[in-house]
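The primary structure of each chain is shown beneath.
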Amino acid sequence: MSEATSNELKRIDWSECCGFTRLFRSFKMAIHWPALCLAFFGVVLTYGSGRLLDAMWANSCSPAVSTDGSILEVEVFAGGGRQAVKEWTKGLGEPEKINRSGVFEMFLKQMRTSVNHILAAVVGLSLTGVIAGVSALFLAPAWLFAMHFGYAVLFGILVLAIWSLFGGACCRVAALRATRDERIGMGEALTFAKGRFLNFFFAPLMPLMVILGIGLFLFLGGLIGWIPWVGEVIVGLLFFLVLLAGFALAFVIIGAAAGGSLTFPTVAVEGSDAFDAFSRTYSYIYAKPWRTALYMLVAIGYGAICLLFVKFFVRLMLWAASLFLGFSMNWGTAAVEKGQPTDVSKLHAIWQAPTLSGEGSFWGSFDEVKLANISWFAQLLVRGWVYLLWALVAAFAISFFYSASTVIYLLLRREVDLTDVEDVYFEDLPAEETAAAPPTAPEGGTSLPVIP
């Protein structure tokens, strides 16, 4: 065999040539059942916490909606901020004519709208649309803290605690799957997350602590400037410190917005503390900004395509099931309240299945007629099963987010620290287990004697 033939290129390792192709494994990682179940439990607890807070919160603190329901408070906030919302609310007229909804309900609706905008932009191959959709994702939290601060703090603590456990476990599952193709169960992942719960909890809060520290410095400077006659002169002389503080704030805010998704993967991969997650994230983001942007755009685009596929799969599943179920079930009619149409077929009265045209929600709707008696109870059961399916789709989206974020962290770590992608933290065995373990025999030989 000639040398030319022996050196012939047989295959290309795309994961080494183009690191971003590793992100295409995120779909399989996201549907891996331990990660999917962990994300599902996190979704259920988050949704339950939000609904519980909405039920407990005073109606006067709920976000106002226009009388016809066409304009939401969060949309007004996007156009003019807090002051615009106050003026808009005053102009709505009598308070009893203002429709109100729970804070979490409106927050969830805005997040869903933003995600749908991103999906539409990806389908339309619009980069500006994707950027606008991602920016809209930050609008809902900004509105929440600006208009309902008390609710936002309480809800934020609950959500951070939930996802510090379940999100941290998801990242641990993704880390071992991405590095060593090792599959671990939910119990092992939750044990890891529980052991580092405080690290997961405080890692996303580190930028906030830095921002508050710099803000306190500027606040104290403002007190000096408040001193009559000489205060403003002192501030003028030391204004370069204000500029430096502003630079630091911009640095931290941009880093938090761009790299906030990497804090959980850092703890999951390195087994490190919150400060290490904070420092590594900022180091990687600012060392490789364009590489970070590329990886995130690929993750958003690929994730949008995967989510569209999952939603279409669920839509097709529900449409096909309702088609054949309705052939027989629709021979009867449902029990409805007085004043409601009585000629609606039974299945359609209980649940309006989604269409294949893409219009409406992928899980259908339940609001065509008001049912009574046993039909109402049947609709309650069907609603529970269908919403369970919706929660699974949401769990897939979150599982994909954590999986892709973990892969991005591994790629950036390789680029900056020259660390192998396969390198991941493992806990050392306890001293008792190490001492009890028998010595390993050399290959092809006998076991070594144990000398007491």
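This text gives an overview of the structure that appears in the document. All figures in this text were calculated on a predicted structure; none of them were measured in a lab. (Residues numbered from 1 in each chain as written. Predicted model: local features only at pLDDT ≥ 70, side-chain atom pairs only at ≥ 80, totals over all residues. Heavy atoms only, no water.)

### Quick word on the overall build of the protein
The cut-off we apply is this: Counting from the N terminus, the helices are DSSP H or I runs at least four residues long and the strands are E runs at least two residues long. Summary of the burial criterion: residues with accessible area below 20% of their type's maximum are buried, those above 50% are exposed, and those between are partly exposed, where the area comes from a 1.4 Å probe applied to protein chains only. Residue contacts are defined here by distance: any two heavy atoms, one from each residue, within 4.5 Å place the two residues in contact. For the area figures, the Shrake-Rupley method with a 1.4 Å probe applies, and any residue is considered shielded solely by the protein chains shown.
Helix and strand counts for the protein come out as 19 helices and two strands. Looking at the 452 residues of the protein, the share that counts as buried comes to 38%. The long-range fraction of contacts in the protein, counting pairs at least 24 apart against all pairs at least 6 apart in sequence, stands at 77%. For the protein, the exposed surface amounts to about 25,300 Å²; the carbon and sulfur share of it is 68%.

### What to know about the packing of helix H13 (residues 239–259) against helix H15 (residues 274–287)
Keep this limit in mind: Fitted lines through C-alpha atoms serve as axes, helices being fitted only where they are in contact, and the angles separating the N-to-C directions of these axes extend from 0 to 180 degrees. Angles below 35 degrees are treated as roughly parallel, those above 145 as roughly antiparallel, those between 65 and 115 as roughly perpendicular, and all remaining angles as oblique. As a working rule, the residues Ala, Val, Leu, Ile, Met, Phe, Trp, Tyr, Cys and Pro are called nonpolar, Asp, Glu, Lys and Arg charged, and the rest polar, with Gly in that last group.
At a closest axis distance of 10 Å, the pairing of H13 and H15 adopts a crossing angle of 90 degrees. Here H13 lies roughly perpendicular to H15, going by the angle between them. Residues Ala 250, Phe 251, Val 252, Ile 254, Gly 255, Ala 256, Ala 258 and Gly 259 of H13 pack against Thr 281, Tyr 282, Ile 285 and Tyr 286 of H15. For the contact of H13 with H15, a count of residues per class yields nine nonpolar, three polar and no charged.

### Examining the packing of aromatic side chains
Using the following cut-off: Within 6.5 Å between ring centres, the rings of Phe, Tyr and Trp (the latter by its six-membered ring) count as paired, and their orientation is classed by plane angle as stacked under 30 degrees, edge-to-face over 60, tilted in between. Cation placement over rings: the criterion is NZ of Lys or CZ of Arg within 6 Å of the ring centroid and within 35° of the ring normal.
Going through the model one piece at a time under the given rule, you end up with 30 aromatic pairs. Judged by centre distance (6.5 Å) and plane angle (80 degrees), the ring pair of Trp 363 and Trp 390 falls under edge-to-face. With Trp 363 in the loop between helix H17 (346–350) and helix H18 (373–417) and Trp 390 in helix H18, this pair connects stretches of sequence that are 27 residues apart. Considering the side-chain rings of Phe 366 and Tyr 387, the 5.8 Å spacing of their centres and the 80 degrees angle between planes classify their relative orientation as edge-to-face. Linking Phe 366 in the loop between H17 and H18 with Tyr 387 in helix H18, this pair joins segments that are 21 residues apart in sequence. A relative accessible area of 3% places Phe 366 in the buried class. Taken together, the ring pairs connect Tyr 47, Trp 57, Phe 104, Phe 107, Tyr 151, Phe 155, Phe 362, Trp 363 and Trp 390 into an aromatic cluster. The ring of Phe 192 carries the charged tip of Arg 172 above its face, separated from the ring centre by 4.2 Å.

### What to know about the pattern of salt bridges
Quick note on the threshold: Put simply, a salt bridge is a Lys or Arg side-chain nitrogen that is within 4 Å of an Asp or Glu carboxyl oxygen.
Enumeration over the complete set of coordinates arrives at eight salt bridges. Asp 276 is paired through a salt bridge with Arg 280; the nearest N and O atoms lie 2.9 Å apart. In this pair, Asp 276 and Arg 280 both sit in helix H15, four residues apart, roughly one turn of the helix. Arg 280 gets classed as partly exposed once you look at its relative accessible area, which sits at 22%.

### Examining the packing of helix H8 (residues 149–180) against helix H9 (residues 186–195)
Applicable threshold: Crossing handedness: left-handed means the near helix sits turned counterclockwise from the far one by under a right angle, and right-handed means the same turn made clockwise.
Closest axis-to-axis distance for the H8/H9 pair is 8 Å, and the angle between their directions is 120 degrees. One finds that H8 runs oblique with respect to H9. In this structure, the crossing between H8 and H9 has a hand that is right-handed. Contacts between H8 and H9 involve Ser 164, Leu 165, Phe 166, Gly 168, Ala 169, Arg 172 and Val 173 from the first element and Ala 189, Leu 190, Phe 192, Ala 193 and Lys 194 from the second. The residue makeup of the contact of H8 with H9, split by class, is eight nonpolar, two polar and two charged.

### Let's talk about a nonpolar patch on the surface
Convention followed: Each patch is assembled from residues with relative accessible area greater than 30% and no salt bridge, linking like charges that lie within 9 Å and nonpolar side chains (Val, Leu, Ile, Met, Phe, Trp, Tyr) that lie within 5 Å.
Taken together, Ile 224, Trp 226, Ile 227, Trp 229, Val 230, Val 233, Ile 234, Leu 237, Leu 238, Phe 240 and Leu 244 make up a surface patch of nonpolar side chains, about 1,200 Å² in accessible area. At three residues, helix H12 (residues 231–237) tops the list of elements feeding residues into the nonpolar patch.

### Some details on the environment of Leu 325
Relative to the elements of secondary structure, Leu 325 occurs in helix H16 (residues 289–329). For Leu 325, a relative accessible area of 42% translates into the label partly exposed. Spatially, the C-alpha atoms of Leu 325 and Leu 347 are 8.1 Å apart, while their sequence positions differ by 22 residues.

### A short note on the state of the cysteines
Should the sulfur atoms of two cysteines be covalently bonded, the bond is a disulfide. Threshold: Any cysteine sulfur atom paired with another within 2.5 Å is treated as part of a disulfide.
By the definition in use, this model includes zero disulfides. Counting only cysteine sulfurs, Cys 170 is the nearest neighbor of Cys 171, a cysteine outside any disulfide, at a range of 6.9 Å.

### Section: the nonpolar core
Quick reminder of the rule: Nonpolar cores are built from buried Ala, Val, Leu, Ile, Met, Phe, Trp, Tyr and Cys residues. Side-chain atoms within 4.5 Å join them into one set.
Core analysis: the largest hydrophobic core is formed by 83 residues, its most contacted members being Leu 23, Leu 38, Trp 163, Phe 200, Trp 351, Phe 396 and Ile 408. The element contributing the most residues to this core is H18, with 16 residues.

### What to know about the side chain of Arg 196
Among the structural elements, Arg 196 can be located in the loop between H9 and helix H10 (197–202). Arg 196 has contacts with Val 267, Gly 271, Tyr 425 and Glu 427, leaving out every residue within four places of it along the chain.

### Quick word on the environment of Ala 335
Secondary-structure assignment places Ala 335 in the loop between H16 and H17. You can call Ala 335 partly exposed: its relative accessible area is 25%. Separated by 15 residues in the primary sequence, Ala 335 and Ile 350 place their C-alpha atoms 9.6 Å from one another. When sequence neighbours within four positions are dropped, the list of residues in contact with Ala 335 reads Leu 371, Ala 372, Asn 373 and Ser 375.

### Quick word on unusual backbone geometry
A positive phi angle is found at Trp 229, which is not glycine, with a value near 70 degrees. Within the fold, Trp 229 resides in the loop between helix H11 (206–226) and H12. Under the relative-accessibility criterion, Trp 229 is labelled exposed at 77%. In this structure, Leu 418 takes a positive phi of about 55 degrees despite not being glycine. You can see Leu 418 is positioned in the loop between H18 and helix H19 (431–436). Here Leu 418 falls in the exposed class, since its relative accessible area comes to 72%.

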